[in-house]
Amino acid sequence: MGERRMVLSSDHARALIKEAIGIIEGDRVIQAEAAAEIAAIEAAHTPSNPKPRPKRSTRM
C-alpha cells in the first residue's frame, strides 16, 4: 500500500504524445524536442532535497 501514484499533467501527456508521433514518423527533431520537454517537466517536479533512504542493517 506504500505505492505512490503519479498523475500526468496535461503538458507531460502532450509531450509524451509528441515523442510517440516523432518515433512513429521517424522524425528525430520532433522526438528530441519532446524528450527535452519531458526532461524539463520531470526536473520541475523532482524535489531538490530528496528524502534519504534508510540504511540497511548488516546481519552477522
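Below, the structure is looked at part by part. Here the structure is a predicted model, which means the values were calculated and not measured.

## Considerations on the overall build of the protein
Turning to step 1, where the next piece is worked out: Helix and strand counts for the protein stand at 2 helices and 0 strands.
Turning to step 2, where the next piece is worked out: A total of 60 residues make up the protein; the buried ones form 10% of that total.
Turning to step 3, where the next piece is worked out: Accessible area for the protein stands at about 6,000 Å²; split by element, carbon and sulfur atoms hold 56% of it.

## Quick word on the pattern of salt bridges
Turning to step 1, where the next piece is worked out: Using the criterion set out here, one finds 3 salt bridges in the structure.
Turning to step 2, where the next piece is worked out: Across the pair Glu33 and Lys18 runs a salt bridge, and its minimum N-O distance is 3.3 Å. Linking Glu33 in helix α2 (residues 28-45) with Lys18 in helix α1 (residues 10-25), this pair joins segments that are 15 residues apart in sequence.
Turning to step 3, where the next piece is worked out: A residue is classified by how much of its surface remains accessible, and Glu33, at 40% relative accessible area, is partly exposed.
Turning to step 4, where the next piece is worked out: When the shortest N-O distance is used, the salt bridge between Glu37 and Lys18 registers 3.0 Å. Of this pair, Glu37 sits in helix α2 while Lys18 sits in helix α1, and the two are 19 residues apart along the sequence.

## Re α2
In an α-helix, one full turn covers 3.6 residues, which means residues spaced three or four apart are oriented alike.
Turning to step 1, where the next piece is worked out: When the terminal C-alpha atoms of α2 are compared, their 26 Å separation across 18 residues agrees well with the 26 Å that a helix rising 1.5 Å per residue should span.
Turning to step 2, where the next piece is worked out: Looking only at α2, the buried set comprises Ala34, Ile38 and Ile41. Along the axis of α2, the buried residues cluster in a sector spanning 65°; they form a single face. Counted as exposed and oriented over 90 degrees from the buried face of α2: Arg28, Val29, Ala43 and Ala44.
Turning to step 3, where the next piece is worked out: Packing partners of the buried residues in α2 comprise α1.

## Observations concerning the packing of α1 against α2
Turning to step 1, where the next piece is worked out: Where α1 contacts α2, the axes come no closer than 8 Å and their chain directions differ by 155°. The pairing of α1 with α2 is recorded here as roughly antiparallel in orientation. As α1 packs across α2, the resulting crossing turns out to be left-handed. Across from Asp11, His12, Arg14, Ala15, Leu16, Lys18, Glu19, Gly22 and Ile23 in α1, the residues of α2 making contact are Ile30, Gln31, Glu33, Ala34, Ala35, Glu37, Ile38, Ile41 and Glu42.

Reading the values: rules and limits
- Residues numbered from 1 in each chain as written.
- Predicted model: local features only at pLDDT ≥ 70, side-chain atom pairs only at ≥ 80, totals over all residues.
- Heavy atoms only, no water.
- Helix = DSSP H or I, 4+ residues; strand = E, 2+ residues; numbered from the N terminus.
- Buried < 20%, exposed > 50% of the residue type's maximum accessible area, 1.4 Å probe, protein only.
- Areas by Shrake-Rupley, 256 points an atom, 1.4 Å probe, with all protein chains shown as cover.
- Salt bridge = Lys/Arg side-chain N within 4 Å of Asp/Glu carboxyl O.
- Expected span 1.5 Å × (residues − 1).
- Arc of directions from axis to C-beta.
- Contact = heavy atoms within 4.5 Å.
- Axes fitted to C-alpha atoms, helices over the stretch in contact; angles between N-to-C directions.
- Parallel < 35°, antiparallel > 145°, perpendicular 65-115°, else oblique.
- Left-handed = near helix turned anticlockwise from the far one by under 90°.

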